[in-house]
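# Tertiary structure, described
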Amino acid sequence: MKTEHSKLPEAASTRRQFIHGAAALGIGIGLGGRASAAAPRRGGTLKLGMGGGSTTDSLDPALLVDWVSLNQAYMLMNGLVEINEKMEAVPELLESWEAKPGAAEWLLNVRSGVTFHNGKTLDADDVVYSLNLHRGPATRSAVKSNLADVTDVRKSGAMQVTITLKSGNADLPYLLSDYHLLVVPHGFQDWAKPIGTGPFVFGEYTPGVRSLFKRNPDYWRPNAAWVDAVELLVINDVAARTNALISGQVHAINRIDFKTVDLLKRNPALSIVRSAGGQHFTFLMNCTTAPFTDNNVRLAIKYGIDRQKQLSTILRGYGSLGNDHPIPRTDRFFAADLPQRAYDPDKSKFYLKKAGLSTLDVELSSSGSAFAGALDSAALLREQAAAGGITLSIQRQSADSYWDKVWMKAPFCMGYWGGRPTADQMFSTAYKSDAKWNDAYWKNPQFDTLLLQARAMLDDNKRRELYGEMQRMVSDEGGTMIPLFADYIDATSNRLKGAIPHPLFNFMGGRLAERVWLEG
């Protein structure tokens, strides 16, 4: 094993270089960088209006599925590793970690002086228990497959945990940063009222409607948890969410309509927080259901969308073109040499003919919950695809139940993915054959083999070749059409201070409630 991969800080420095490149591509804050204008102060109730919630939401870390529950979970619980605004993996409930030569065995040192909301002191038993909630045949965790290479998690000291892998993985700290891997006390199971080490303690919670959490007076992290309480209102309708901010009902909203960004920028009482990252919008073709079992049909649809028009119309330019794979240009393993797929109705007809079809009639399920502007994007695709012989009908679905009843169930539907800090994590979460969230049901044993090979490699040049080939495979053969990468854009009241861009998810990577304060 090479020395530079034996400890995280050195491995992280490699990522720091490429992430600095990401920052130059378009991370910004609106209206003069107000975030650092005032010293933090304590007090007040922070009110958030968020899209991305459902009455089926759960605070069980294994079952977190969308923005609202992710943010609520981070208010109550902490992870082992955090991804900072430079996309570096930094300690959270771990104080440090170190890999043995070969990166197949890792020593994790648990942070001392941390207590749970019930007064229990954090120790290695809690970390072992919390990680094992996502392992084994009985778990329903979304990251079960991501942890499939973990062969053992054991306590190796009162404050130390040892993780053993089937093979080396230089990206393990990034894997441990997954938002599902939150820490609870050993034996804890009451997910209706989670106990964690987070900045806020449980108060009131109605899934898909509202939550109210109060400040944890014993929070371990200094200079955080400034507000006395956080009230989160689920407002899935983007127009209603925007009106709630403008009227002063809430201090911040996520997922604003791209069409309204320029308008909101002109409001002197508001600020826009914009972050370029890995968020991308998806059109999911179930590869196990006809006609999408035929890759020629999938290619016909991929050539039937005008990505440039979608970028200018749906995102108003707040994003970049997608090439039907989920790795963003900001990733160090982005395949820059992969030709950009262009709008080509003649190629749509060509691939339909290869599929034995002269025309294609398909139904697309869509909802405003899929992503901001999803219904408009679907309507635009209907218009664009017609030139290639594809007749698209749009089935408008309920926003509240979309992720429970439509996503991964309808043969052709829309969705989105927040970015992941590494290519391995993104592919492992949604493209590996046995991934729980393989939402196009695309399975390719060769892809799986390459993924495992790249994960274990320590030579970045060789890894780049393999990740490049995987991007080509997903783009040319996968069931997911990815026309756009969208910037994360939030809007806040000018009373709210401390909000800064973060390339991993809206609301500062889900940590906004912990980091901001209210002006008096």
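Residues numbered from 1 in each chain as written. Predicted model: local features only at pLDDT ≥ 70, side-chain atom pairs only at ≥ 80, totals over all residues. Heavy atoms only, no water.

## Quick word on the environment of R382
Its place among the elements puts R382 in helix α10 (residues 374–385). Here the alpha-carbon distance between R382 and G304, two residues 78 residues apart in the chain, equals 9.1 Å. Residues in contact with R382, not counting those within four places in the same chain, are L392 and I394. (Helix = DSSP H or I, 4+ residues; strand = E, 2+ residues; numbered from the N terminus. Contact = heavy atoms within 4.5 Å.)

## A few points about helix α14 (residues 460–477)
In an α-helix, one turn spans 3.6 residues; hence positions three or four apart end up facing the same way. Between its first and last C-alpha atoms α14 spans 25 Å; for 18 residues at 1.5 Å apiece the expected length is 26 Å, and the two agree. For α14, the complete set of buried residues consists of D460, R463, L466, Y467, G468, M470, Q471, M473, V474 and S475. Here α14 starts with a cap whose side-chain oxygen sits 2.9 Å from the backbone nitrogen of N461, and that cap is D459. (Expected span 1.5 Å × (residues − 1). Buried < 20%, exposed > 50% of the residue type's maximum accessible area, 1.4 Å probe, protein only. Polar contact = N/O pair within 3.5 Å; in protein donor to acceptor, adjacent residues only side chain to side chain.)

## Section: the packing of aromatic side chains
A full pass over the atoms with the stated rule returns 23 aromatic pairs. With a centroid separation of 5.8 Å and an interplanar angle of 5 degrees, the aromatic rings of Y303 and Y351 are classed as stacked. Of this pair, Y303 sits in the loop between α7 (295–302) and α8 (307–313) while Y351 sits in helix α9 (residues 345–354), placing them 48 residues apart in sequence. In terms of burial, Y303 and Y351 fall into one category: buried. Cluster of aromatic residues (ring-pair linked, three or more members): W67, Y179, Y402, W403, W407, Y416, W417, W437, Y488 and F505. (Phe/Tyr/Trp six-rings, centres within 6.5 Å; stacked < 30°, edge-to-face > 60°.)

## Digging into the sheet that holds strand β8 (residues 160–165)
Here we have 4 strands laid out as an open sheet, ordered β5-β6-β8-β7, and antiparallel in their pairing. At either margin of the open sheet sits one strand with a lone partner, and together these are β5 (94–99) and β7 (150–157). For this sheet, the mean angle separating the axes of adjacent strands, direction not counted, is 20 degrees. Summarising the sheet, β7 and β8 pair through 6 bridges and their orientation is antiparallel. Across the sheet, residue G157 finds its bridge partner in β8, namely Q160. Of the strands in this sheet, β6 (105–110), β7 and β8 are in contact with helix α3 (residues 124–132), which crosses β7 at around 170 degrees. (Pairing = 2+ DSSP bridges. Axes fitted to C-alpha atoms, helices over the stretch in contact; angles between N-to-C directions.)

## Remarks on the environment of D57
Counting through the fold element by element, D57 comes out in the loop between β2 (45–50) and α2 (67–76). Take D57: its relative accessible area is 10%, and that puts it in the buried class. Filtering out sequence-adjacent residues up to four positions away, D57 remains in contact with G52, V65, V68, S69, Y205, P207 and G208. In terms of polar contacts, D57 uses its side chain to reach the backbone amide nitrogen of S54, at 3.0 Å.

## A closer look at the nonpolar core
Within the largest apolar cluster, 157 residues are counted, with the highest numbers of intra-cluster contacts made by L46, L48 and I163. It is α2 that provides the largest number of residues to this core, a total of 7 residues. Setting aside its immediate chain neighbours within four residues, I163 contacts A104, E105, W106, L108, L131, V150, D152, V153, L172 and L176. (Core = buried A, V, L, I, M, F, W, Y, C linked by side-chain atoms within 4.5 Å.)

## Let's talk about the UniProt feature "domain: Solute-binding protein family" (unreviewed entry) in the protein chain
On the UniProt side, "domain: Solute-binding protein family" (unreviewed entry) is annotated at positions that read residues 89–438 here. Secondary structure over residues 89–438 splits into 22% helix and 24% strand, and the C-alpha atoms at its two ends are 25 Å apart. (UniProt positions renumbered as here; feature names shortened; annotations may be inferred.)

## Description of the domain arrangement of the protein chain
We note that the domain assignment places domain 1 (78–193), domain 2 (200–269 + 494–518) and domain 3 (277–487) within the protein chain. With 12 residues of domain 2 at the interface, the matching set in domain 3 holds 21 residues. At the boundary of domain 2 with domain 3, total buried surface from both sides reaches about 1200 Å², with 55% on carbon and sulfur atoms. On the domain 2 side of the interface with domain 3, the three residues burying the most area are R255, F258 and K259, jointly 54% of the side's total. Taken together, the connections running from domain 2 to domain 3 amount to 1 salt bridge. As a salt-bridge pair, K259 and D376 come within 2.9 Å of each other at their nearest N and O atoms. The interface formed by domain 2 and domain 3 includes 4 residue pairs in polar contact (both at pLDDT 80 or more). (Domains from an automatic or database assignment. Buried area = accessible area lost by both parts, 1.4 Å probe. Salt bridge = Lys/Arg side-chain N within 4 Å of Asp/Glu carboxyl O.)

## Let's talk about the pairing of strand β16 (residues 360–366)
Burial analysis of β16 places 5 of its 7 residues in the buried class, the great majority of the element. Note that β16 and strand β17 (residues 390–396) share 7 bridges and pair parallel. Bridge pairing in β17 places S366 opposite R396. As a crossover connection, the stretch from β16 through α10 into β17 is right-handed. (Right-handed = clockwise from strand over helix to strand, strands pointing away.)

## Side note on the confidence of the model for the protein chain
Averaged over every residue, the pLDDT of the protein chain is 91; the share at 70 or more is 93%. Note that residues 1–36 has pLDDT below 50 and, in this model, 75 contacts with residues that lie over four places away or in other chains. (pLDDT = per-residue confidence, 0-100.)

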